[in-house]
Amino acid sequence: MSSTQPVDLVVQRPGVIGAVKSIFFDPATRQKLLAFASLLVLMVFFSVASPNFLQADNMVSILQSTAVNGVLAIACTFVIITGGIDLSVGTLMTFCAVMAGVVLTFWGLPIYLGIFAAIFFGALCGFTSGVLIAKLKIPPFIATLGMMMLLKGLSLVISGTKPIYFNDTPEFSAISQDSLIGYFVSSAPIPNAVLILFLVAVAASIVLNKTLLGRYTFALGSNEEAVRLSGVNVAFWKIVVYSLNGAICGIAGLLIASRLNSAQPALGQGYELDAIAAVVIGGTSLSGGTGTILGTIIGAFIMSVLINGLRIMSVAQEWQTVVTGVIIILAVYTDILRRGKQ
Amino acid sequence: MSESAATPIVTIRNLSKSFSGVSALDDCQFDLLSGEVHALMGENGAGKSTLMKILSGVYRRDSGEILLDGRAVDIASPRAAQAHGISIIHQELTLMNHLSAAQNIFIGREPRGRLGVFLDETALNNQARRIFEQMHLQLDPRVRVGTLSVAKQQMVEIAKALSFDSRVLIMDEPTAALNNAEVADLFRIIRQLKSRGVAIAYISHKMDELQQIADRVTVMRDGRYIGTVPMATTRVDRIISMMVGRELVDAPNDIPDTSRQDMALEVRHLNRGAAIRDVSFSLRKGEILGFAGLMGAGRTEVARAVFGADPIDSGEIRVYGKKVSIKSPKDAVVHRVGYLSEDRKHFGLASGLDVATNIVLSSMKRFLKLGGLVDATGIRAAAQAYVKQLQIKTPSVEQQVRLLSGGNQQKIVIAKWLLRDCDILFFDEPTRGIDVGAKSEIYKLLNALAEQGKAIVMISSELPEVLRMSHRIVVMCEGRITGEVPGRGATQEMIMQFATQRDAAKAA
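Quick caveat: nothing in here was measured; it's all calculated off a predicted structure.

Asker: A description of the overall build of chain B should follow, citing residues and the corresponding values.
Answerer: Helix and strand content of chain B: 18 helices and 20 strands. For 508 residues, the compact-globule formula gives about 23 Å, and the C-alpha radius of gyration of chain B, at 26 Å, lands near that figure. Counting only C-alpha atoms, chain B reaches 75 × 55 × 45 Å along its principal axes. Looking at chain B as a whole, 48% of its 508 residues qualify as buried. Restricting to contacts in chain B with at least 6 residues of sequence separation, those with at least 24 account for 68%.

Structure follows, in structure tokens:
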């Protein structure tokens, strides 16, 4: 090559067929399509297997249960894209619900302070995890495992091991149960919880794709050392990511407390695995660097359709748990297969 | 290099640096003129990369000074270096594979759009495109870096450096993973940068490339500054002798010729991607075969391939004349081939367990009694026998391995393989991280093993060690064997000639 000629580093522009091919064979897109197809297959299967499945009531119930897990999974998505993990999201959710109960029922303060408390304490706990991980260099798995136990204990201590009911603030249950959409469109009584899930998802998607925080979330998961060498304050951004994760868990805490009209201090453990499973099924790699909110939402729907369908087919509770376990193992294994190919 | 060749942009004086008490740089100097390519040469561990990492703010200096345009500066972080117009392209590329080229270039300096909250992706891509145009490089800024070839990724790194308006560009072995056409492209870009007055510090082992691109060469050895010479008028021999050091005449190679006639190991036409290219060698019983070469030449890769730790594309392995198929370390051990990895802590030893357990760990089956119980007495006895034979200094076989010195840990790894009846042994950097006294003990032990008829391959980056220990020396460069010399009478110059023979490696 002569020295005057420009270097030919052109990326070959594919034709139409090439473009279609590249869409279908892009691993991230393929995973999302695969997940969406699985969701459809599951829904078709259950509606054939049981006439009750497609009933409006049941659909609303699926949406309700997806709301909590979906919001938790969105929280996890950020952390997992950075290459980290958060095992405390389940008990953190409960802790936030309990704190809302403390503010509303114990102290009798107005409802907006209860909402603020849940999100604030969520962010605070996420901040703590972030400091443990980014500053004290405790591996995320261990740091958040510790937080999981710590928060579970705190919830029990603060609530006196008894559920806190929101009987003094009847409007609290409206957060999740009422239907703002149904108020305008009476034929679609979609509960507010689902609306909130949708809003959180849109906001999270914007943050992830359009803001600096999102850019650094991907960058950290892709090559943390490169980010550090580029002069970016890695510890600061990690702490921000975990704090955001915590705040979103606070929203999940509000949703579940509102649905049960109580803060159940013993609840929470196990939710983290459902959330992580939803994230992984949705195509976010546990090794970090890739992931989408849309994928996570699809993953969350797969989880709840599966559980709901099994319940409707009268599969025993124990067996539902067994199936969930198998799904989690399969999801993580496909992630390993995907990583192996890259 | 035409204008302003008088005032150096960078002057480094009396610079010293040590890591946990071990001196890495001692009173070093270096200067860099506008529009020149100044090469840094030296053997592995000479301190080139450390010096450049200090200049680019990755490490802090202990003492000495760095002048920019004649003014003393303190470069406290990579960001500070960038602010001074100094950029480094590390040997291992520091890119985020999941992000686009433009996103990589402007990481930490993303242009913001509305409200200062949202990222302005259009501006980002346009700015990147402008830099690519300056470089006469046709590359889509939106393409994901992970899908690019190494050469293109390197161009992205260079673009990133240019985006800082860098006046000083440091390149650490930029051609290590490039083919000839890609090297030509890189050189074209480098010449273009030169003509714009950018000063380039260029670390490389490859003499033929430096002859094409470098204006001056500074040679370093053992963390010290040796000298600076103009590239065009200096003979290659002289640079090599500066790198090696004439006065460095170590203990002579006077080991008895223990080579016996029977062939222990024959490797023929071994291939594995670009890492191992048509490698053939043979090893006799009682022989120590030295494997010399620069870092990344492919020596460890050959050992791992023969040992079955990595899959091979093609090639034939014969053990004692018999063709064998080694697909996993387990197969290797069956054929009595052992590999002592360079990283003892990670791959060779369970450092929290005691001496006896480590020695028998891979031969546990032999120490099982009826019913699957472990024969503790047998283990103890076997371990004690090896502690005695190899003169491992330990208070008892119950001592935790991590509490022993590096030399004794190495001996435990050796004991482990001997207990498995391995008599073809690959030693990968057997004396790395071991003090001088322990080194000579390891040497004695290797000699003794050879005398007993074990066949030994010794991979080492320390030339004096290779010269002193080996019956024969094989030299590798870029995945190929570029030379073979008898141990007796070999010199460091001869080996360095082979080890830097990039052209021969390509042509062969």
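Asker: So what's going on with the overall build of chain A? Which residues, and what values?
Answerer: If you tally the helices and strands in chain A, you get 15 helices and two strands. On C-alpha atoms alone, chain A measures out to a radius of gyration of 21 Å, which is about the 20 Å that the 2.2 N^0.38 rule sets for 342 residues. Counting only C-alpha atoms and orienting by the principal axes, one finds that chain A spans roughly 80 × 50 × 40 Å. For chain A, the share of sequence-separated contacts (at least 6 apart) that also reach a separation of at least 24 residues comes to 77%.

Asker: So what's going on with the interface of chain B and chain A? Which residues, and what values?
Answerer: On the side of chain A, 25 residues touch chain B, which itself brings 29 residues to the contact. Of all the secondary-structure elements, those providing two or more residues to the side of chain B that touches chain A are α2 (78-83), α5 (150-163) and α6 (180-195) of chain B. Examining the composition of the side of chain B that touches chain A, we find that four residues originate from one element, α6(B), more than from any other. Here the residues of the side of chain B that touches chain A sort into 14 nonpolar, nine polar and six charged.

Asker: How would you explain the pairing of strand β1 (residues 8-19) of chain B if you had to name every residue and give the values?
Answerer: Remark: a regular strand shows side chains that alternate across the two faces of the sheet. Residues and elements named next belong to chain B. Bridge count between β1 and strand β2 (residues 22-33): eight bridges; the pairing is antiparallel. Counted as the bridge partner of S18 is S23 from β2. Examined bridge by bridge, β1 and strand β4 (residues 63-68) share five bridges and lie antiparallel to one another. Looking across to β4, one finds that V10 is bridged to L68.

Asker: Hey, could you go over unusual backbone geometry for me, with residue numbers and the actual values?
Answerer: Residue and element names in this part refer to chain B. One non-glycine residue, D165, adopts positive backbone phi at about 55 degrees. Tracing the backbone shows D165 in the loop between α5 and β7 (168-172). Phi at Y320 is positive, roughly 50 degrees, even though this residue is not glycine. Residue position: Y320 is located in the loop between β14 (314-319) and β15 (322-324). Owing to 16 C-beta atoms within 10 Å, Y320 belongs among the partly exposed residues under this scheme.

Asker: Can you break down the pairing of strand β8 (residues 199-203) of chain B residue by residue, with the values?
Answerer: Residue and element names in this part refer to chain B. Where burial is concerned, most of β8 is hidden: five out of the five residues are buried. Every second residue of β8 is oriented toward a common face, with A199, A201 and I203 on one face and I200 and Y202 on the other, all of them buried. Judged from the four bridges that link them, strand β3 (residues 37-41) and β8 form a sheet pairing that is parallel. Bridging across to β8, A39 finds its partner in Y202. Inspection of the sheet shows β7 paired to β8 by five bridges, in the parallel sense. Across the sheet, the residue bridging to I170 is A201, located in β8. For the crossover from β7 across α6 to β8, the handedness is right-handed.

Asker: Go over the confidence of the model for chain A, please, and point to the residues and values.
Answerer: All names here are of chain A. Here chain A shows a mean pLDDT of 88. Residues at 70 or above account for 91%. Per-element confidence in chain A ranges from a low mean pLDDT of 55 for helix α1 (residues 16-25) to a high of 97 for helix α5 (residues 111-134). The low-confidence segment residues 1-14 (pLDDT under 50) makes 20 contacts with residues lying over four places distant or belonging to another chain.

Asker: Break down the domain arrangement of chain B for me, citing the residues and quoting the values.
Answerer: All names here are of chain B. On domain assignment, one finds that chain B holds domain 1 (8-244), domain 2 (258-336 + 423-508) and domain 3 (344-421). Placing the centre of domain 1 and that of domain 2 at their C-alpha centroids yields a distance of 33 Å. Contact with domain 1, which involves 12 residues of that partner, is made by 12 residues of domain 2. Those elements that place two or more of their residues in the side of domain 1 that touches domain 2 are α7 (207-213) and α8 (236-244). Counting residues per element, the side of domain 1 that touches domain 2 draws most heavily on α8, which supplies four residues. Among the residues making up the side of domain 1 that touches domain 2, the classes are represented as five nonpolar, four polar and three charged.

Asker: For helix α12 (residues 234-260) of chain A, give the residues involved together with the corresponding values.
Answerer: All names here are of chain A. For α12, which comprises 27 residues, the first-to-last C-alpha distance of 39 Å matches the rise-based estimate of 39 Å (1.5 Å per residue) to within 8%. With respect to burial, α12 is a largely interior element, 22 of its 27 residues being buried. One or two residues past the end of α12 sits N261, with phi positive at roughly 50 degrees.

Asker: Pulling in residues and values, what's your account of the nonpolar core?
Answerer: Within the largest apolar cluster, 248 residues are counted, with the highest numbers of intra-cluster contacts made by V71(A), L72(A), A100(A) and I456(B). The leading source of residues in this core is α12(A), at 15 residues. Excluding its chain neighbours within four sequence positions, the residues that come into contact with V71(A) are L197(A), V200(A), I248(A), I251(A), A252(A) and L255(A).

Asker: Provide a residue-level description of the sheet that holds β14(B), including the pertinent values.
Answerer: Residues and elements named next belong to chain B. Pairing is antiparallel across the open sheet formed by four strands, whose spatial order is β12-β11-β14-β15. Edge positions in the sheet fall to β12 (276-284) and β15, since each has one partner strand and no second. Pairs of neighbouring strands in the sheet enclose a mean axial angle of 20 degrees, with direction left out of account. Those strands touched by helix α9 (residues 299-306) are β11 (263-272), β12 and β14, and its axis lies near 110 degrees from that of β11.

Asker: Tell me about the sheet that holds strand β16 (residues 337-340) of chain B, and please be specific about residues and values.
Answerer: Residues and elements named next belong to chain B. The strand order across the open sheet built from six strands is β16-β17-β18-β13-β19-β20, with neighbouring strands paired in mixed fashion. The open sheet has two free edges, formed respectively by β16 and β20 (480-486), since each of these has just one partner strand. Along the sheet, successive strands turn relative to each other by an average axial angle of 20 degrees, direction set aside. For β16 and strand β17 (residues 424-428), the ladder comprises four bridges, and the chain directions are parallel. The residue bridging L340 from the neighbouring strand is F427, located in β17. Sheet strands touched by α9: β13 (288-293), β16, β17, β18 (455-459) and β19 (472-477). Its angle to β18, the strand with the most contacts, is close to 145 degrees. Contacting β13, β19 and β20, helix α17 (residues 492-499) runs over the sheet at an angle of about 35 degrees to β19.

What counts, and where the lines are drawn
Residues numbered from 1 in each chain as written. Chains lettered and ligands numbered in written order. Predicted model: local features only at pLDDT ≥ 70, side-chain atom pairs only at ≥ 80, totals over all residues. Helix = DSSP H or I, 4+ residues; strand = E, 2+ residues; numbered from the N terminus. Rg over C-alpha atoms; globule rule 2.2 N^0.38 Å. Buried ≥ 20, exposed ≤ 12 C-beta atoms within 10 Å, placed from the backbone. Contact = placed C-beta atoms within 7 Å. Nonpolar A, V, L, I, M, F, W, Y, C, P; charged D, E, K, R; others polar. Pairing = 2+ DSSP bridges. Right-handed = clockwise from strand over helix to strand, strands pointing away. pLDDT = per-residue confidence, 0-100. Domains from an automatic or database assignment. Expected span 1.5 Å × (residues − 1). Core = buried A, V, L, I, M, F, W, Y, C linked by C-beta atoms within 7 Å. Axes fitted to C-alpha atoms, helices over the stretch in contact; angles between N-to-C directions.

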